[in-house]
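Residue strings, one per chain:
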Amino acid sequence: MGEKGVRAISAWEGPLLRAALLDSVRKLDPRLLVRNPVMFVVEVGSVLTTLLWVRDLAAPSAGAAPPWFAGQVALWLWFTVLFANFAEALAEGRGKAQAAALRGLRKETVARRIVEGREERVAASSLRKDDIVVVETGQVIPGDGEVIEGIASVDESAMTGESAPVIRESGGDRSSVTGGTKVLSDRIVVRIGVNPGESFLDRMINLVEGAKRQKTPNEIALHVLLAGMTIIFLIACVTLVPFGMYSGLRLSVTVIVALLVCLIPTTIGGLISAIGIAGMDRLIRHNVIPTSGRAVEAAGDVDTILLDKTGTITLGNRMASEFLAAPGVRVEELADAAQLASLADETPEGRSIVVLAKERHGLRGRDLKQPEAHFVPFSAQTRMSGCDLDGRVIRKGAFDAIKRHVAALGGRVPGEVEQAVAAIAKTGGTPLAVSDGPRVLGVVHLKDIVKGGLKERFARFRAMGLRTVMITGDNPLTAAAIAAEAGVDDFLAEATPEMKLALIRGEQAQGKLVAMTGDGTNDAPALAQADVAIAMNTGTQAAKEAGNMVDLDSNPTKLLEVVEVGKQLLMTRGCLTTFSIANDVAKYFAILPAMFMAVFPQIAPLNVMRLASPQTAILSAVIFNALIIVLLIPLALRGVRYRPLGAAALLRRSLLIYGAGGVVAPFLGIKLIDVALSLVRPG
Amino acid sequence: MTANGWVQIFVFFAAVVVVTKPLGDFMYRVLEGGNHFLRRPLGWLERLVLRACRVDGREQSWQAYALGLLAFSAFTMIVTYAIQRLQHVLPFNPQGLPPVAAGCAFNTAASFTTNTNWQGYAGETTMSYLSQMAGLAWHNFISAAAGIAVAVALARGLTRRGEGQGPGAVGNLWVDLTRATVYILLPLSLAFALLFVSQGMIQNLSSYREVATLEGGKQVIAMGPVASQEVIKQLGTNGGGFFNANAAHPFENPNPLTNFLSMFLIFAIPAGLTWVFGRMARDQRQGWALFCAMGLLFFAGVMTVYWAETGGNPAVGAAHIDQGLGNMEGKEVRFGVASSALYATVTTDASCGAVNAMHDSFTPLGGLVLLFNIQLGEVVFGGVGAGLYGILVMAILSVFIAGLMVGRTPEYLGKKIETREVKLAMLYVLIFPLLILALAAWSAVAPYGRSSLANAGPHGLSEILYAFTSAAGNNGSAFAGLNANTPWYNVALGFTMLAGRFWMMVPALAIAGTLAGKKSAPPGAGTLPTTGPLFAGLLVGVILIVGALTFFPALSLSPIVEHFLAQAGRVF
């Protein structure tokens, strides 16, 4: 999936970095920070230690910690908060830059509004829902809406990054247009669908900017866990003061705060919001715009994926693959008739018949401009098409339609043809019968072409524990054959919108989460019901409103990426939480012996890292605690790598890396910092 | 460490493994209203009780269940308080013992209501036979039944897939209490009481005997209905001794067989409940995963204690006294180090609190393990019922953290663990450090807290910490160097016991209620398996880390520093 257009912005570019640095200071505002209980506690601790340091500088007291030490602790506690703010600012910065680029599109355009048949020029920003506007070649569409008249090619590259123009026309599933895109040719009349400030562009800007970012359900649950742990450590640290008094130990507030900050889960607490923003951002870089963070999370939980057969599993169209002649009919005769019947047929199926006849039997497309040739287009009533030529009545169409057609002309269908039709249907193909007058010449085998590489993709889904269900209007036989070829787990044949909705509800009743893609208006109810619903950008306004994500590339197989981004988001949170908690073991071994050494020198064996002095020990732990946030920012922004393994294997792996690694890493890190510190401050 | 010692430990655990399935199967049938062999002979009793109490048997919401439990416990607590205060005018008081002092009576009533059986008094000189039987032993039954009730309610919440009566129904408290008492606790107690009497445990209502000793002196020997109380003390993980010396007293624990059976009874129901959970989850491996996590923690504990106690006391060693038998201070010579280490581990794992040796006299590391066993939240088999609901809450937390790591909203038995469950589980986990650390810290600096101490230095701190840990964990055993029969400790510990019981039961029931109403998703390849060694190991890790991170600072100033000081030759 390429990163296109306005969305390819690196987090580490100079101006973004500078803005993020500035933002991290601005975010020190306690009113902002209180949303994150863990970091708020750190800030309170920073203020407290700074005040104590200042007091000790002004009026040194006998028992106080040396000022260089207290000052350093205070300084690094501030850094801890700043680093966490920086992570968040950096994650937001990328979105803000994208939003700025998008906002450029919203430059004031003039709309040609039609009021009671007269045209008037108004500012695009003043358009309201249900206003009617005209847009012509070279003009920018002033707002989101639906084409109610005309057809035009539209350049949507500003939205999608896709430079090829798309066709927008009234009626059908290609009627929706987006404000800020440009009409390249022709003229359309658009009914505006949204009020000012609610347009797709506005929503996209809000979203990437994080302006309306709300904590997602899972994020809230994690915040509760972290807040609970913070309270536990608060109790453990505060009660240490009276326990110390009992033991004849005077523990300074600076040291207690240092211990507290090291123990509370600052690593995950500092990165949690950056992880959430970056997850959303990753999705946007896949050109999928979620309407809420909730949808991104839900994507990780999906159990069942509904995929439309056409366009998703198979190439949009069936292709002719074989001519099966009736007994007594030469294959060439059948191919010739089929080609004749298809020459005027501009559908891909029709064209594929012409091509097959040419390739297999050397029949070239003839000039059919002869006046006596009369073409009969396909109609829903007859379900046939063909041509009348030199008195011949050549038809091709669905088998039962041709059967009725020849019966009406007094012909009958040979049994062999019926068998061929059944055989084709059994393999998942579509039989197309061809007749010349009352004679059935044979059958053309139209085959669904399954897209390449899908089997591997579905295997990947399966490894992730997801079930894929193919939705198709085909009969069960055809559906089963294609399902087997594509490697989906299940299928729903002869599907109607109602059946689709019932299927989703059925899965949900079992406690499963369902994802689907859709573009048509008739998909809207199912999209609204599904837990993760991706509407194609080429789809109708109704579909886009019903879904909770919009895919700007209109690529239905992108569900896989969406699910992976969702899983990655949760995994990154889980892994960093584990890492954060595992870190505490080493911090205890660094700080506690240092605290008690003065009164109980016998406790020295607990100082397993052999840290140089009590002060450097505590300071090393605090510095490690701050630096680890910075070191993990890239991981938080990029996300933990997702591998399609089973849950057990994935857990074993994560526990090994982030659990065991989280125990070991700080022992090394703290020791290194301590060595460095004692070099700087000998003695 | 001797072969004999190891054989005792392994035979004991083998017996627990063997009983888990049959007892669990039986309890499952009893608690879920199925068919079982006692239904015919004892069904009349269940029906009689329920009809007399006008119980219609309809399932309740968690709120109604919890409210009923609180009201029931408050009522029974008042009855026990009243009996103690009025024992001088009530029958079965051959010694003519005076009424129990108000503070002590409150503390004792709280202690037995909460299944703690912390005893700030000496049984033989304080309690009349009526107080022992109607006030205390009665509570041993019903507080154990209450634990079982809450555990099955939480198990129902986790395992139900819409088959309860109405969404969010967790069962009927009165039915659960009655069934647990009538079919499980009473028959087992009766059978084992007879067995105990056959082994020399006393059971009478006589007045105390005065006997002439060989030296020609006189000694008063306390009597009483011991055997009947002894069984339920172990079976219900209550632990309150009839006599002050608890199970170190020959009338409470006459021989190695009764000693073995006592330990076996302590673990029997908690182990069986893991099987009940497996049955309810329709997957026995779910129960075994919990059992294995518990077993692992049990072995880690017992091995450390056995090792520490065998090592003896360096100060005694320095005095050239033979320590071939290990640290024998405070241990019954009849039982020795291995049996005492095993008993002490079992009783602290399971929130029982019965003792056959004095925990106060264990080596610092041995005592540290006993203290830490309780601080883990009494989930290593744990109290009757309390162990299961405790470990289920820990499992929910483990699932939450681990579930995120596999990239899904965490699920346990197909039920999504979301904000509300995490909030309640954290509330459950928070109460423990809040009670233990805050009150122990207060006692450590307040003059009325320190004046009760018989030992100075880190050991004194261990004694205070142990008292509040034991109270909050509803264990009831003590580091006896602390005189807890003072107004401060009677009230503070009484409050701690009540809070440690009910402030934890209510969140557990609330989790049961919210989970009962949730849809259950079938497991797939992407869901975290909650069976097998990986999950059991994870659960052990979470339990240990939560316990260690919470209590390590306090412990390092008490038993840990005491250990290092003892190595350097300083004892307290």
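Residues numbered from 1 in each chain as written. Chains lettered and ligands numbered in written order. Predicted model: local features only at pLDDT ≥ 70, side-chain atom pairs only at ≥ 80, totals over all residues. Heavy atoms only, no water.

1. Side note on the overall build of chain B
So, step 1. Scanning chain B from terminus to terminus reveals 19 helices and six strands.
So, step 2. C-alpha extents for chain B along the principal axes are approximately 75 × 55 × 45 Å.
So, step 3. Within the span of chain B, comprising 572 residues, buried residues form 67% of the whole.
So, step 4. For chain B, restricting intrachain contacts to residue pairs at least 6 apart in sequence, the fraction spanning at least 24 positions comes to 79%.
So, step 5. Total accessible area on chain B stands at roughly 18,900 Å², and carbon and sulfur atoms take up 66% of it.
So, step 6. Positive and negative side-chain charges in chain B, numbering 31 and 25 respectively, have mean positions lying 13 Å apart. (Helix = DSSP H or I, 4+ residues; strand = E, 2+ residues; numbered from the N terminus. Buried < 20%, exposed > 50% of the residue type's maximum accessible area, 1.4 Å probe, protein only. Contact = heavy atoms within 4.5 Å. Areas by Shrake-Rupley, 256 points an atom, 1.4 Å probe, with all protein chains shown as cover. Lys, Arg positive; Asp, Glu negative; His and termini not counted. Charge placed at Lys NZ, Arg CZ, Asp CG, Glu CD.)

2. Structural notes on the overall build of chain A
So, step 1. Along its length, chain A carries 23 helices and 21 strands.
So, step 2. Relative to a compact globule of 683 residues, whose C-alpha radius of gyration would be 26 Å, chain A shows 34 Å and is clearly more extended.
So, step 3. Projected onto its principal axes, the C-alpha positions of chain A cover 120 × 60 × 40 Å.
So, step 4. Taken over 683 residues, chain A has a buried fraction of 55%.
So, step 5. A sequence separation of at least 24 residues applies to 70% of the contacts in chain A between residues at least 6 apart.
So, step 6. Accessible surface, chain A as shown: approximately 27,200 Å² in total, 59% of it carbon and sulfur.
So, step 7. Positive and negative side-chain charges in chain A, numbering 73 and 68 respectively, have mean positions lying 7 Å apart. (Rg over C-alpha atoms; globule rule 2.2 N^0.38 Å.)

3. Some thoughts on the pairing of strand 10 (residues 304-308) of chain A
Residues and elements named next belong to chain A.
So, step 1. Here strand 10 lies mainly inside the structure; four of its five residues are buried.
So, step 2. Relative to strand 17 (residues 467-471), strand 10 is paired through five bridges, and the arrangement is parallel. Residue pairing across strands places Leu306 opposite Val469, the latter belonging to strand 17. (Pairing = 2+ DSSP bridges.)

4. A word on helix 11 (residues 293-301) of chain A
So, step 1. Counting buried positions along helix 11 of chain A gives eight out of nine residues, so the element sits mostly inside the fold.
So, step 2. Listed as buried for helix 11 of chain A are Gly293(A), Ala295(A), Val296(A), Glu297(A), Ala298(A), Ala299(A), Gly300(A) and Asp301(A).

5. Let's talk about the packing of aromatic side chains
All names here are of chain B.
So, step 1. The tally for this structure, following the rule as stated, stands at 37 aromatic pairs over all chains.
So, step 2. Relative to Phe242, the ring of Tyr129 has its centre 6.5 Å away and its plane inclined at 35°; by these criteria the two rings are tilted. Highlighted residues: Tyr129 in helix 6 (residues 129-159) and Phe242 in the loop between helix 8 (226-235) and helix 9 (256-280), separated in sequence by 113 residues.
So, step 3. Residue Phe242 is classed as buried on the basis of its relative accessible area, which comes to 2%.
So, step 4. Their ring planes at 80° and their centres at 5.9 Å tell us that Trp275 and Trp288 sit as a pair that is edge-to-face. Taken together, the residues span a long stretch of sequence, with Trp275 in helix 9 and Trp288 in helix 10 (residues 284-311) at a distance of 13 residues.
So, step 5. The exposure class of Trp275 is buried, given its relative accessible area of 10%.
So, step 6. Among the residues examined, Trp288 registers a relative accessible area of 29% and is labelled partly exposed.
So, step 7. Positioned over the ring face of Phe362 is Lys331, at 4.2 Å from the centre of the ring. (Phe/Tyr/Trp six-rings, centres within 6.5 Å; stacked < 30°, edge-to-face > 60°. Lys NZ or Arg CZ within 6 Å of the ring centre and 35° of its normal.)

6. Re the side chain of Thr517(A)
Residue and element names in this part refer to chain A.
So, step 1. Here Thr517 is to be found in strand 19 (residues 514-518).
So, step 2. Classification of Thr517 by relative accessible area gives buried; the value is 5%.
So, step 3. Excluding anything up to four places from it in sequence, Thr517 contacts Leu306, Asp308, Leu527, Ile534, Met536, Pro556 and Leu559.

7. Thoughts on the side chain of Gln229(B)
All names here are of chain B.
So, step 1. Topologically, Gln229 is positioned in helix 8.
So, step 2. Within the structure, Gln229 has its side chain in polar contact with the side chain of Gln132 (distance 3.1 Å).
So, step 3. Each residue touching Gln229, except ones within four places of it in the same chain, is listed here: Gln132, Met133, Leu136, Ala137, Asn140 and Phe242. (Polar contact = N/O pair within 3.5 Å; in protein donor to acceptor, adjacent residues only side chain to side chain.)

8. Things to note about the interface of chain A and chain B
So, step 1. Taken together, the 63 residues of chain A in the interface contact 61 residues of chain B.
So, step 2. Area buried by chain A at its contact with chain B is led by Phe243(A), Tyr246(A) and Leu651(A), which between them contribute 16% of it.
So, step 3. Our count for the contact surface shared by chain A and chain B stands at one salt bridge.
So, step 4. Arg408(B) is the salt-bridge partner of Asp303(A), the closest N and O atoms lying 2.9 Å from each other.
So, step 5. Run the count over chain A and chain B and you get 10 residue pairs in polar contact (both at pLDDT 80 or more).
So, step 6. Contributing elements (two or more residues each) for the side of chain A that touches chain B: helix 7 (217-238), helix 8 (240-246), helix 11, helix 16 (454-463), helix 18 (497-509), helix 21 (559-596) and helix 23 (647-680) of chain A.
So, step 7. It is helix 7 of chain A that contributes the most residues to the side of chain A that touches chain B, 14 residues altogether.
So, step 8. Of the residues contributing to the side of chain A that touches chain B, the split by class is 41 nonpolar, 15 polar and seven charged. (Buried area = accessible area lost by both parts, 1.4 Å probe. Salt bridge = Lys/Arg side-chain N within 4 Å of Asp/Glu carboxyl O. Nonpolar A, V, L, I, M, F, W, Y, C, P; charged D, E, K, R; others polar.)

9. As for the confidence of the model for chain B
So, step 1. Confidence in the prediction of chain B, expressed as mean pLDDT, is 91, and 100% of residues score 70 or more.
So, step 2. Reported confidence for the predicted complex is 0.93 by ipTM and 0.86 by pTM. (pLDDT = per-residue confidence, 0-100.)

10. Here's the deal with the pairing of strand 2 (residues 118-123) of chain A
So, step 1. Sheet topology places strand 1 (residues 110-115) of chain A next to strand 2 of chain A; six bridges connect them, and they run antiparallel. Residue pairing for strand 2 of chain A: Arg113(A) is matched across the bridge by Glu120(A).

11. As for the packing of helix 1 (residues 3-31) of chain B against helix 12 (residues 336-349) of chain B
All names here are of chain B.
So, step 1. Viewed as axis vectors pointing N to C, helix 1 and helix 12 meet at an angle of 30°, and their least axial separation amounts to 8 Å. As for how helix 1 packs across helix 12, the hand of that crossing is right-handed. Residues Gly5, Gln8, Ile9 and Phe12 of helix 1 touch helix 12, and the partners they reach there are Ala338, Ser339, Leu342 and Val346.
So, step 2. Grouping the constituent residues of the contact of helix 1 with helix 12 by class yields five nonpolar, three polar and no charged. (Axes fitted to C-alpha atoms, helices over the stretch in contact; angles between N-to-C directions. Left-handed = near helix turned anticlockwise from the far one by under 90°.)

12. Examining the sheet that holds strand 19 of chain A
All names here are of chain A.
So, step 1. Overall, mixed pairing links the seven strands, which are arranged 9-21-20-19-10-17-18 in an open sheet. Across the chains shown, the open sheet's two edge strands, defined by having one partner strand only, are strand 9 (288-290) and strand 18 (490-492). Across the sheet, the mean angle from the axis of one strand to that of its neighbour is 20°, orientation sign disregarded.
So, step 2. Along the sheet, helix 10 (residues 266-285) contacts strand 9 and strand 21 (549-551); its crossing angle with strand 9, the most-contacted strand, is approximately 140°.

13. Some words on the pattern of salt bridges
Residues and elements named next belong to chain A.
So, step 1. All told, the structure shown has 43 salt bridges over all chains when counted by the stated rule.
So, step 2. Among the salt bridges present, the one from Glu333 reaches Arg439, with a minimum N-O distance of 2.5 Å. Pair noted here: Glu333 is in helix 12 (residues 331-342) and Arg439 is in strand 16 (residues 439-450), with a separation of 106 residues, a long-range link.
So, step 3. Accessibility expressed as a relative area gives 23% for Glu333, which makes it partly exposed.
So, step 4. Given the relative accessible area of 38%, Arg439 is considered partly exposed.
So, step 5. Taking the shortest distance from any N to any O, the salt bridge between Asp551 and Lys558 comes out at 2.7 Å. A single burial state applies to Asp551 and to Lys558, both of which are buried.
So, step 6. Through salt bridges with shared partners, a single network forms among Arg112, Glu119, Glu136 and Arg187.

14. Describing the packing of helix 10 of chain B against helix 14 (residues 386-405) of chain B
All names here are of chain B.
So, step 1. Running from N to C, helix 10 and helix 14 cross one another at 100°; their axes reach a closest spacing of 11 Å. The angle between the axes of helix 10 and helix 14 places the two elements in the roughly perpendicular class. In this structure, helix 10 contributes Leu290, Ala293 and Met294 to the contact, and helix 14 contributes Gly387, Leu388, Ile391 and Leu392.
So, step 2. In terms of residue class, the contact of helix 10 with helix 14 is built from six nonpolar, one polar and no charged. (Parallel < 35°, antiparallel > 145°, perpendicular 65-115°, else oblique.)

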